[in-house]
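Here is how the chains run, residue by residue.
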Amino acid sequence: MTAPTPTDIPASTRSGVHLRAVTKVYGTADAAVHALAGVDLDIDPGELVVVLGPSGSGKTTMVNVIGGIESATTGQVTVAGQDLTGRHPADLSDFRRDHIGFVFQFFNLIPTLTARENVEVIVELTGKGDRSRVPGLLAAVGLGDRVDHFPAQLSGGQQQRVALARALATDPDMLLADEPTGALDLATGRQILALLQQLHRQGRTVIVVTHNASVAQIATRVVTVVDGTVTAVRQNAAPADAADVSW
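Residues numbered from 1 in each chain as written. Predicted model: local features only at pLDDT ≥ 70, side-chain atom pairs only at ≥ 80, totals over all residues. Heavy atoms only, no water.

With that settled, consider the environment of Leu-199. Here Leu-199 is to be found in helix H6 (residues 186-201). Relative accessible area serves as the criterion here: at 1%, Leu-199 is assigned to the buried category. Measuring from C-alpha to C-alpha, the distance between Leu-199 and Thr-229 comes to 28 Å, with 30 residues separating the pair along the chain. (Helix = DSSP H or I, 4+ residues; strand = E, 2+ residues; numbered from the N terminus. Buried < 20%, exposed > 50% of the residue type's maximum accessible area, 1.4 Å probe, protein only.)

All right, on to the packing of helix H3 (residues 115-126) against helix H5 (residues 156-168) then. Pairs of packed helices are described in terms of their axes, by the angle between the two and the distance that separates them. Look at H3 against H5: their axes get within 8 Å of each other, and the N-to-C directions meet at 25°. It follows from the interaxial angle that H3 and H5 lie roughly parallel. Between H3 and H5 the crossing geometry is right-handed. For the pair formed by H3 and H5, the contact residues are Ala-115, Asn-118, Val-119 and Ile-122 on the first element and Val-162, Ala-165 and Arg-166 on the second. Its residues assigned to classes, the contact of H3 with H5 comprises 5 nonpolar, 1 polar and 1 charged. (Axes fitted to C-alpha atoms, helices over the stretch in contact; angles between N-to-C directions. Parallel < 35°, antiparallel > 145°, perpendicular 65-115°, else oblique. Left-handed = near helix turned anticlockwise from the far one by under 90°. Contact = heavy atoms within 4.5 Å. Nonpolar A, V, L, I, M, F, W, Y, C, P; charged D, E, K, R; others polar.)

Tracing the chain through its elements places Ala-243 in the segment after strand E10 (229-235). On the basis of relative accessible area, Ala-243 is assigned to the partly exposed category, the value being 48%. In sequence terms Ala-243 and Pro-89 are 154 residues apart; their C-alpha atoms lie 40 Å from each other.

Next up on the list: helix H2 (residues 89-99). It helps to recall that an α-helix has 3.6 residues per turn; residues three or four apart then point in one direction. Turning to H2, its buried residues number three or more, namely Leu-92, Phe-95 and His-99. The buried residues of H2 all sit within an arc of 55° when viewed along its axis, so they share a single face. (Arc of directions from axis to C-beta.)

Before going further, it helps to spend a moment on the pattern of salt bridges. Side-chain pairs of opposite charge can arise where the charged atoms are in close proximity. Following the criterion strictly, the structure yields 9 salt bridges and no others. One salt bridge in this structure joins Asp-42 and Arg-20, with 2.9 Å as the shortest N-O distance. Within this pair, whereas Asp-42 is found in strand E2 (residues 33-43), its partner Arg-20 is found in strand E1 (residues 17-26), the two being separated by 22 residues in sequence. Each of Asp-94, Arg-97 and Asp-98 takes part in one network of salt bridges that share partners. (Salt bridge = Lys/Arg side-chain N within 4 Å of Asp/Glu carboxyl O.)

Within the open sheet, the 4 strands sit side by side as E2-E1-E4-E5. Their pairing is antiparallel. Of all the strands in the sheet, the pair left with one neighbour each is E2 and strand E5 (82-83). Strand direction decides the pairing type here: E1 and E2, joined by 8 bridges, are antiparallel. By the bridge assignment, Val-22 is partnered in E2 with Val-39. (Pairing = 2+ DSSP bridges.)

Here it is, written out as structure tokens:
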């Protein structure tokens, strides 16, 4: 499988990330839950970063804040040169449409639409991208012969590849993948990681959220999150090839 080649992404607009003293609190008073507790983090354009931590550590919340799915309670969030702090939900929606592609653990495909239609619908809903690219995107993730199959006719790995093609349909600057291998077997998980690596090598910023320490082998940097705080950031001097990852 060969990952789709993105359009040229100028360095000035590709997605870098800067978080400063970011908190996220759910609820109030005695019921308040501090999901993020003063996070500082910088991610350079074109990095492949794995955010690693146990369930409930705040890693998904942090990436949701980066992607504009959620707003920080306090602190400053700057992504792709844009200050997301205190932005109106409609503005955040526009930001996500223009800059971010999302891949989740559960594929969230529409069961009554074919693989092709599941990707095309994002182009139609966002008004961004080109429907003519959809067959090529599906072919690039190894589904050229499955474009007219419905989700129920696809394996879990194939459905995740449809979700990846859908995330790329608007040609985003940054790809956020939350537990993308969590519902997959080892062999299929490796295929998804290989596609993420290829996209990174082509210049995209890729952030992968996982509780699986083995996945961190593919990263250029690993960010560890525990109890809503970044406890470690380490450079990966020699990222592993996805084919060599095991868990």
